[in-house]
Amino acid sequence: MDDSLRSKRKNEHIQLALDTYSPVSTDFDKVQLIHQSIPSINKNQIDLSVKFPHFTFKYPIYINAMTGGSERAATINKELAQIAKACNIPMAVGSTHSALKDPNAESSFTVVRDENPEGLIFSNVGADIEYAKAKKSIELLNADALQIHVNAPQELIMPEGDTEFENWLTNIQEIQDNIDIPVIIKEVGFGMSAETIQKVKDIGIQYVDVSGRGGTNFADIENQRRPLKDMAFLNQWGQSTVQSLLEAQLLNADIHILASGGVKNPLDAIKSLVLGAEAVGLSGYVLKYLDAYGVEDTIEHMKQFIEQMHVIANLLNASNVSDLKSVSYVLSPELQTYVEQRAKS
Ligand code: FNR
C-alpha cells in the first residue's frame, strides 16, 4: 500500500475512534463487587504493583496500543509517552508496520522512547509479520515486550484489509521461539475465547491481552470507512472484556492475562483485576481525554484514576492485586448463563 494511503488510514482511525467512542453501558456494569463493612487495612498499606517474570508494573494499568505512522500520530505518541512517564505506567505503541516499510515513519514511534528513555515500552506488530520484521520492530524502540495484534474481524471489514491468515499461528510461534522479551498476543476489541487462549498457550505464549468488546469498536470504525457502510451487522461481534475474562477463568491456564476494551473508570479496572487480569490497558479512554483536555490535565486525571483504584481496593479490603482475586462478586443472570453455557461447550 502507498505510504500516503497508510498515513491517511492512521488519521482516519484516530478520528473515527474519537468520534465513535462511547462505552456508556458495558458488561462491567453486570458484575457487582461485594462490599465489606469493616476493612482491616489502611489506605496507605495498599500496594497495587504487579511483578511479572520480566518486569514490574508500579500500578496495574498501561496505555494500550494506538498509533504511529502519520504526523498527527507522532504528536499523539509524544503526548501519550509524556503521560506514561509522568504516571509511571507502561505504554504500547500502535502497529509499527508503517515504520518497517518506510524509514520516514520511524520517528512517529521512536519519539515514545525519546520522551521516556527509562519507561516500559511495548512495540506492536500484526500476526502477518515474520520474525525478522518483529525483531526490527523491537529494535526500533528498544522495546520491553512485543504485542502481536490479532485483528481478523478488522481486516475482513476494512475495505483494503489483508485477509491472508493461514500463516498467523506459525508466525507467532516463530517470533515466540526466537525473541527474548515477552510476546503478548493481543486482540483489538473483539475479545478472546478459551480456545484462542489455549491455542497460543500451546505454542509457548505466556501473555495475552484479551482486549474485548465494549469500548473502541473496530467493526464500527472499519464499517464507517466502507463506501456503502454495509457491514454494521458485525458491530457487536466478539466477546466483551468481562466475557473474555470469564473465558480465561474457565480455562484456568497458567498464563498471564491482561485486560483491555471498554474500561471507562477505575471501578471497571478493578473489576478486571477481580476477574483474573493482572493489569488493565486503556486506549480510547486516554485518547478521548487527551484530545479534549490536553497533556497536563490527562496526567492529573490518570493519577486520580490510579489513586481511585487504591480507594476501591481499600473498600474491598484488598491490599494488593493478588488479594483482589479473592474478592466476592455476583454476575448478572445473563453473564451467569454465559458462563454455564460455555462451561458445557
Ligand atoms: C487501536 N488499537 C490498536 N491495537 C493494536 O494492537 N495495534 C494498533 O495499531 C491499534 N490501533 C488503534 C488505534 C486507535 C486509534 C485505537 C483507539 C485503538 C486497539 C487498542 O489497543 C485496544 O485493543 C482497543 O482499542 C480496545 O480498548 P479501548 O479503546 O476500548 O480501551
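Computed from a prediction, not measured in an experiment: that's the story for all the values here.

## Digging into the overall build of the protein
From N to C terminus, the protein includes 14 helices and 12 strands. For 345 residues, the compact-globule estimate of 2.2 N^0.38 gives 20 Å, and the protein sits close to it at 19 Å. Principal-axis analysis of the C-alpha atoms gives the protein an extent of 60 × 45 × 40 Å. Of all 345 residues assigned to the protein, the portion counted as buried reaches 56%. Put simply, of all contacts in the protein between residues at least 6 apart along the chain, 75% involve residues at least 24 apart. Of the roughly 15100 Å² of accessible surface on the protein, a fraction of 47% belongs to carbon and sulfur atoms.

## Here's the deal with the environment of Asn-317
Position of Asn-317 relative to the elements: it lies in the loop between α12 (284-315) and α13 (321-324). Sequence separation of Asn-317 and Asn-42 is 275 residues, and the distance between their C-alpha atoms is 8.8 Å. Beyond its immediate chain neighbours, meaning those up to four positions away, Asn-317 contacts Pro-39, Ser-40 and Ile-41. At 3.5 Å, the side chain of Asn-317 and the backbone nitrogen of Ile-41 are in polar contact.

## A few points about the layout of surface pockets
Roughly 950 Å³ of internal volume is contained in the largest pocket. Considering the residues around the largest pocket, the lining is formed by 49 residues, among which His-13, Ser-95, His-149, Gln-154 and Phe-218 are closest to the centre. Elements supplying a minimum of two residues to the lining of the largest pocket: α1 (3-20), α3 (97-101), β6 (121-126), α6 (152-157), β11 (279-282) and α12. Examining the composition of the lining of the largest pocket, we find that six residues originate from one element, α1, more than from any other.

## Quick word on unusual backbone geometry
Phi is positive for Asn-142, close to 50°, though the residue is something other than glycine. Note that Asn-142 resides in the loop between α5 (131-141) and β7 (145-149). For Asn-142, a relative accessible area of 57% corresponds to the exposed category. Even without being a glycine, Asn-317 presents a positive backbone phi close to 60°. According to the relative accessible area criterion, Asn-317 is partly exposed, its value standing at 28%.

## So, the pattern of salt bridges
Counted by the stated rule, this structure contains 16 salt bridges. Residue Arg-226 pairs with Asp-230 through a salt bridge whose shortest N-O separation is 2.7 Å. For Arg-226, a relative accessible area of 19% puts it in the buried group. We classify Asp-230 as partly exposed; its relative accessible area is 37%. With a shortest N-O distance of 2.6 Å, Arg-342 and Glu-247 are connected by a salt bridge. Here Glu-247 lies in helix α10 (residues 241-251) and Arg-342 lies in helix α14 (residues 333-344), a separation of 95 residues in the sequence. Assessed through its relative accessible area of 1%, Glu-247 is described here as buried. Three or more residues are tied together by salt bridges with common partners; here these are Lys-8, Arg-9, Glu-12, Glu-160, Glu-222 and Arg-225.

## As for the site of the ligand
In the vicinity of the ligand, 21 residues are found, and the nearest of them are Ala-65, Ser-211, Thr-216, Gly-262 and Gly-284. One of the side-chain N or O atoms of Ser-211 is found 2.5 Å from an oxygen atom in the ligand. Summarising the interface, the protein chains cover 96% of the accessible area of the ligand, which totals 600 Å² for the free molecule. Counting atoms within 2 Å of the grid points, the majority share of the ligand lands in the largest pocket. Element by element, the count of residues in the shell around the ligand is highest for α1, at three residues.

The rules behind the values
Residues numbered from 1 in each chain as written. Predicted model: local features only at pLDDT ≥ 70, side-chain atom pairs only at ≥ 80, totals over all residues. Heavy atoms only, no water. Helix = DSSP H or I, 4+ residues; strand = E, 2+ residues; numbered from the N terminus. Rg over C-alpha atoms; globule rule 2.2 N^0.38 Å. Buried < 20%, exposed > 50% of the residue type's maximum accessible area, 1.4 Å probe, protein only. Contact = heavy atoms within 4.5 Å. Areas by Shrake-Rupley, 256 points an atom, 1.4 Å probe, with all protein chains shown as cover. Polar contact = N/O pair within 3.5 Å; in protein donor to acceptor, adjacent residues only side chain to side chain. 1 Å grid on protein atoms, 1.4 Å probe; cavity = no way out; pocket = protein on both sides within 12 Å on 5 of 7 lines; lining within 4 Å. Points joined across faces, edges and corners; volume = space filled by probe spheres on them. Salt bridge = Lys/Arg side-chain N within 4 Å of Asp/Glu carboxyl O. Near = heavy atom within 4 Å. Sits in = over half its atoms within 2 Å of the grid points.

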